[in-house]
Amino acid sequence: MASDPDAPAGGFLPPRWFIRAAWRTHKALYRWSRGRFGLRVPRSDRYGLAYLTTTGRRSGEPRSVMIAYFDDGDAMVTMAMNGWGAPEPAWWLNLQAHPDARVELADGARSVTGRAAQGEERDRLWDRWREIDENLDGYAARRSTETAVVILEPRS
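The structure displayed is predicted, hence computed values, not measured ones.

**Some words on the nonpolar core**
Core analysis: the largest hydrophobic core is formed by 17 residues, its most contacted members being Met79, Leu125, Trp129 and Val149. Contributing elements (two or more residues each) for this core: strand E2 (62-72), strand E3 (75-80), helix H3 (119-132), helix H4 (136-140) and strand E6 (148-154). In terms of residue count, H3 provides more of this core than any other element does, four residues in total. For Met79, the contacting residues outside a window of four places in its chain are Trp84, Trp91, Trp126, Trp129, Leu136, Thr147, Ala148 and Val149. In this structure, Ala80, Leu95, Val103 and Val150 belong to the second largest nonpolar core, which totals 16 residues.

**Observations regarding the environment of Thr55**
You can see Thr55 is positioned in strand E1 (residues 48-55). With sequence-adjacent residues up to four places away left out, Thr55 is seen in contact with Gly60, Glu61, Asn94 and His98.

**Observations regarding the packing of aromatic side chains**
For any pair of aromatic rings, the description consists of the separation of the ring centres together with the inter-plane angle of the planes. Summed over all chains, the structure comprises three aromatic pairs. Ring geometry for Tyr47 versus Trp129: centroids 6.1 Å apart, planes at 45°, classification tilted. One end of the pair, Tyr47, is in the loop between helix H1 (16-32) and E1; the other, Trp129, is in helix H3, with 82 residues separating them in the sequence. A relative accessible area of 30% means that Tyr47 is categorised as partly exposed. Relative to Trp129, the ring of Phe70 has its centre 5.3 Å away and its plane inclined at 75°; by these criteria the two rings are edge-to-face. Of this pair, Phe70 sits in strand E2 while Trp129 sits in helix H3, and the two are 59 residues apart along the sequence. Trp129 carries the same exposure label as Phe70, and that label is buried. Every member of this aromatic cluster is reached through a ring pair, and the members are Tyr47, Phe70 and Trp129. If you follow Arg128 out to its NZ or CZ, it ends over the ring of Phe70, 5.4 Å from the centre.

Thresholds applied
Residues numbered from 1 in each chain as written. Predicted model: local features only at pLDDT ≥ 70, side-chain atom pairs only at ≥ 80, totals over all residues. Heavy atoms only, no water. Core = buried A, V, L, I, M, F, W, Y, C linked by side-chain atoms within 4.5 Å. Buried < 20%, exposed > 50% of the residue type's maximum accessible area, 1.4 Å probe, protein only. Helix = DSSP H or I, 4+ residues; strand = E, 2+ residues; numbered from the N terminus. Contact = heavy atoms within 4.5 Å. Phe/Tyr/Trp six-rings, centres within 6.5 Å; stacked < 30°, edge-to-face > 60°. Lys NZ or Arg CZ within 6 Å of the ring centre and 35° of its normal.

So this is what it looks like as structure tokens:
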């Protein structure tokens, strides 16, 4: 079957409002269940799910969001994708202003410091995401800016 040259790159992607609503619903389920549902450990073929709490860059108040991630040694790796929409996600802007954060994982909580991967490290981690999501490059092409690969390193 020939592919449609007018179809968007990256395969099917639901509308951004739907993606954002799904993540909000996921967060609500996690909070409603007091952490019993909603988190998962990553495997080689799928990302894990975590609950990230940052400090608001303007308010100074805690701000929480569900994120997808995979492990890279002791660090966690996620994408600042905002449902593949153009704006940077608020959690990433918050993390740039206040790099220290907290992450709730299926196997416990940890304090982390966030930063963007650069150069060869970014390329290596992007390639790892490609192993999990074959449509990654097509989805990222929908954004007008480069999608940050975010590393959450354990804080001592």
